[in-house]
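# Remarks on the overall topology
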Amino acid sequence: MFFTLLEGLKKAGLPVSITEYLALIEAVETGVAGYSVEDFYYLARASLVKDERNLDRFDRVFGQVFKGLESDAALEGILAHIPEEWLKTLTQRMFSDEEKARIEALGGWEKLMETLRKRLEEQKEKHSGGSKWIGTGGTSPFGAYGYNPEGVRIGQAESRHKRAVKVWDKREFANLDDTVEIGTRNIKMALRRLRKFARQGAATELDMDGTIRSTAHHGGLLDLQMVPERHNAVKVLLFLDAGGSMDEHVKVCAELFSACRTEFKHLESYYFHNCVYEGVWRDNRRRHTERVPTWQVLRTYPADYKLIFVGDASMSPYEILQPGGAVEHWNPESGEVWMRRFLETWPHAVWLNPVPQKHWAYTESIAMMRKLLEGRMYPLTLGGLDAAIGELSH
Amino acid sequence: MRFSGTENYVATEDLMVAVNAAVTLERPLLVKGEPGTGKTVLAHEIAAALKLPLLTWHVKSTTKAQHGLYEYDAVSRLRDSQLGDAKVKDIANYIKPGKLWQAFAAESRQLLLIDEIDKADIEFPNDLLLELDRMEFFVFETGETIKAQHRPIIIITSNNEKELPGAFLRRCFFHYIRFPERETMERIVAVHFPGVKKNLVREALNVFFEIREVPGLKKRPSTSELLDWIKLLMADDIPPEALKAKDVKTAVPPLYGALLKNEQDVHMLERLAFLARREGR
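In short, a report on the structure. It should be emphasised that the depicted structure is a prediction, and the values quoted were computed from it without experimental measurement.

## Describing the interface of chain B and chain A
It is common to report an interface's size as the accessible area lost on association of the parts. Each side of the interface is counted separately: chain B has 29 residues, and chain A has 36 residues. Put simply, chain B and chain A have three salt bridges between them. Put simply, Glu52(A) and Lys32(B) hold a salt bridge, and the shortest N to O gap is 3.1 Å. Secondary structure elements with two or more residues in the side of chain B that touches chain A: α1 (13–25), α4 (74–83), α8 (166–170) and β9 (173–177) of chain B. Tallying contributions element by element places α1(B) first for the side of chain B that touches chain A, with eight residues.

Structure below.
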């Protein structure tokens, strides 16, 4: 019945299944939703989408499908990646009333969507201002932060001129969709996967199985057995790159750091600059006075610690390869030697890199560091964090 | 049976559709949303609106799926056996029915709230798949099968602390309670405080939405905090004029303790107010 919708959702990458589709049909048959399109939209949403992050994508597909634009090109249009910086642009034009009056609508919703599709195909560059292309701050019907009475909004958090067309076109869930943006809370969720429980400490819980076994053993005389409570047993050693090229990533790193703090019982953190050498430090404000010899760190923590580096790994290749290559001081041994020592001491290691993954190929030192880590470098996004945690918990 | 909100609860249209679908098709409804948007209250209100008895199962980090079915109290049986109690002979005396059992065995249709399912172990929802699907389970100790006489309506709330497994999600309807818009919020306030002054609400909502917009707040105030705050404002008889945020001297709203639950947030607001004062000079 609504197979086009299902197909569209599948193509847009939503995890929909036959079970849910059948549930929707069943619900429609029982007449739960009445007979208005809006009710059907709500019903379809409740039965097909199970994660608020997918609500926005659902809205878009629904809007497309029910405007008769089932063609593949349209669906690809939805998925077409619109670079964020196009839309972030804050060039906001304010229009006077006369101007608003002068702006003509393009005529009809269907025509609008049709034109949008064409424009998406034609347009390849960022655009701002103007009155035809999709962009920001202009008078074209497509784009954001501009004015056109029949506008289709692309990448704008809320309707500035309060002219949203349909419920699903309001795109109220857009801010839940993004996987790029990570906050402390998200990081915590990802890190939680790393938790491993072990029984250690004082015996405070009743061990049911042990008690029954032991009681039977004693010929029916009750013999209570206790076991220690389960605790989080994962130990983490965190090395944060500080200063230099990392400055722009400081916020992300601070978030990661604060998330780590609450998530693990054993968490030790150290700072380094660009690459690890013979000294690291615990407090970034006193980096020049209170250095800890790296050898001491290597000897202190046993091999069951999980090693996490956070850094952009963007530096001159000499800082990794050459003795004496470090930017801040003279290092008798090369960064590579030190990295190898780290990885030998703690076999469970990952490197989290706040630089977007698509830029990695342009920096030689990132490639070198990645090779040193045998590919265990992950972008500092939620997906990357998940993959990294997966690697660590092997 | 149709749910259309109650006199104490403002239900948006999409929420009504989701609830009615779950009620009609007898499938669980999974409700998510920001803390304080009324997820748990929803179950109470549905129970009240449809006149169904409500069973609540609060899930904690230590809760196991088995707890919802039944528990076998081996310790008291052992103790009784040593005292020579006649009860010992029958194992059924030591089976304690859980919430799901109670819901299944009840004479009439029940509404079961499984509250904060994400608090439990990650495998918890998977362990309940069959029970929620078929609405029956097997008791090993006594060899009986408990089957639902009337399929209960099940409302499940989640705070998103853990991802729920796909197999579990496929069996549920889903609703995400969005943070209410201003209009909805006005209705919610009106429902809770019928006698409140119109301009007090207006000013309070202005302040409230302004605070929510402040970037970098650790915990943004939600509906329940707003209701608490308005209650306090009414109790202290604060005049609406005092809430005008543009007022230079009272830029930090009165009784803000009800809105902000975190000292960093309070500090930040005070600093912003200070900056606003300096600019105003």
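## Regarding unusual backbone geometry
What is expected of a backbone is that most residues other than glycine have negative phi and most peptide bonds are trans. All names here are of chain B. Not every positive phi belongs to a glycine, and Lys51 is a case in point at roughly 55 degrees. Mapped onto the fold, Lys51 is located in the loop between α2 (39–50) and β2 (54–58). Lys51 sits in the exposed class, given a relative accessible area of 71%. Although it is not a glycine, Met135 adopts a positive phi angle of roughly 60 degrees. Its location among the elements puts Met135 in the loop between α7 (129–134) and β6 (136–139).

## What about the packing of helix α9 (residues 182–192) of chain B against helix α10 (residues 198–213) of chain B?
All names here are of chain B. One way to put it is that α9 packs onto α10 with a least axis distance of 11 Å and a crossing angle of 130 degrees. Here α9 lies oblique to α10, going by the angle between them. Crossing of α9 against α10: the hand is right-handed. Here α9 contributes Arg182, Met185, Glu186 and Val189 to the contact with α10, which in turn contributes Val201, Arg202, Leu205, Asn206, Phe208 and Phe209. Per-class residue counts for the contact of α9 with α10 are six nonpolar, one polar and three charged.

## Let's talk about the packing of helix α2 (residues 18–29) of chain A against helix α3 (residues 37–48) of chain A
Between two packed helices, the angle of one axis relative to the other and the distance separating the axes together describe the packing. Residues and elements named next belong to chain A. In contact at an axis separation of 9 Å, α2 and α3 are set at 145 degrees when each is read in the N-to-C sense. Seen from above, α2 lies across α3 with right-handed handedness. Residues Glu20, Tyr21, Leu24, Ala27 and Val28 of α2 form the contact with α3, whose own contacting residues are Phe40, Leu43, Ala44, Ser47 and Leu48. A per-class count over the contact of α2 with α3 returns eight nonpolar, one polar and one charged.

## Description of a nonpolar patch on the surface
A contiguous nonpolar patch, built from Leu206(A), Met208(A), Ile212(A), Leu224(A) and Met226(A) and spanning about 410 Å² of accessible area, is present on the exposed surface. With respect to the helices and strands, the residue Leu206(A) is situated in strand β4 (residues 197–206).

## A look at the layout of surface pockets
Residue and element names in this part refer to chain B. One number sums up the size of the second largest pocket: a volume of about 760 Å³. When residues in the lining of the second largest pocket are grouped by element, the largest group, six residues, is from α9. Looking at side-chain class alone, the lining of the second largest pocket contains 14 nonpolar, ten polar and ten charged residues.

## Some details on helix α11 (residues 223–235) of chain B
Residue and element names in this part refer to chain B. Its 13 residues place the ends of α11 18 Å apart at the C-alpha level, agreeing with the 18 Å of an ideal helix rising 1.5 Å per residue. Burial in α11 covers these residues: Thr223, Glu225, Leu226, Leu227, Trp229, Ile230 and Leu233. Each element contacted by the buried residues of α11 is listed here: α9 and α10. Looking one or two residues past α11, Asp237 carries a phi angle of roughly 55 degrees, positive in sign.

## A look at the sheet that holds strand β1 (residues 29–33) of chain B
All names here are of chain B. One open sheet accounts for five strands, arranged β2-β5-β8-β1-β9; its pairing is parallel. The open sheet has two edge strands with one neighbour each: β2 and β9. Going from strand to strand, the sheet's axes swing by 20 degrees on average, the running direction of each strand aside. As judged from the four bridges shared by β1 and strand β8 (residues 153–158), these two strands associate in the parallel manner. Along β8, the bridge assignment pairs Leu29 with Ile155. Each of β1, β8 and β9 touches α1; the most contacted strand, β9, lies at about 155 degrees to it.

## Comments concerning the pairing of β9(B)
All names here are of chain B. Counting buried positions over the five residues of β9 gives five, a clear majority of the element. Taking every second residue as pointing to the same face, both faces of β9 are buried, with Phe173, His175 and Ile177 on one and Phe174 and Tyr176 on the other. Sheet topology note: the β1/β9 ladder contains five bridges and is parallel. Among the inter-strand pairings, Leu29 is bridged to a residue of β9, identified as Phe173.

Reading the values: rules and limits
Residues numbered from 1 in each chain as written. Chains lettered and ligands numbered in written order. Predicted model: local features only at pLDDT ≥ 70, side-chain atom pairs only at ≥ 80, totals over all residues. Heavy atoms only, no water. Contact = heavy atoms within 4.5 Å. Salt bridge = Lys/Arg side-chain N within 4 Å of Asp/Glu carboxyl O. Helix = DSSP H or I, 4+ residues; strand = E, 2+ residues; numbered from the N terminus. Buried < 20%, exposed > 50% of the residue type's maximum accessible area, 1.4 Å probe, protein only. Axes fitted to C-alpha atoms, helices over the stretch in contact; angles between N-to-C directions. Parallel < 35°, antiparallel > 145°, perpendicular 65-115°, else oblique. Left-handed = near helix turned anticlockwise from the far one by under 90°. Nonpolar A, V, L, I, M, F, W, Y, C, P; charged D, E, K, R; others polar. Patch = residues over 30% accessible without salt bridge, like charges linked within 9 Å, V, L, I, M, F, W, Y side chains within 5 Å. Areas by Shrake-Rupley, 256 points an atom, 1.4 Å probe, with all protein chains shown as cover. 1 Å grid on protein atoms, 1.4 Å probe; cavity = no way out; pocket = protein on both sides within 12 Å on 5 of 7 lines; lining within 4 Å. Points joined across faces, edges and corners; volume = space filled by probe spheres on them. Expected span 1.5 Å × (residues − 1). Pairing = 2+ DSSP bridges.

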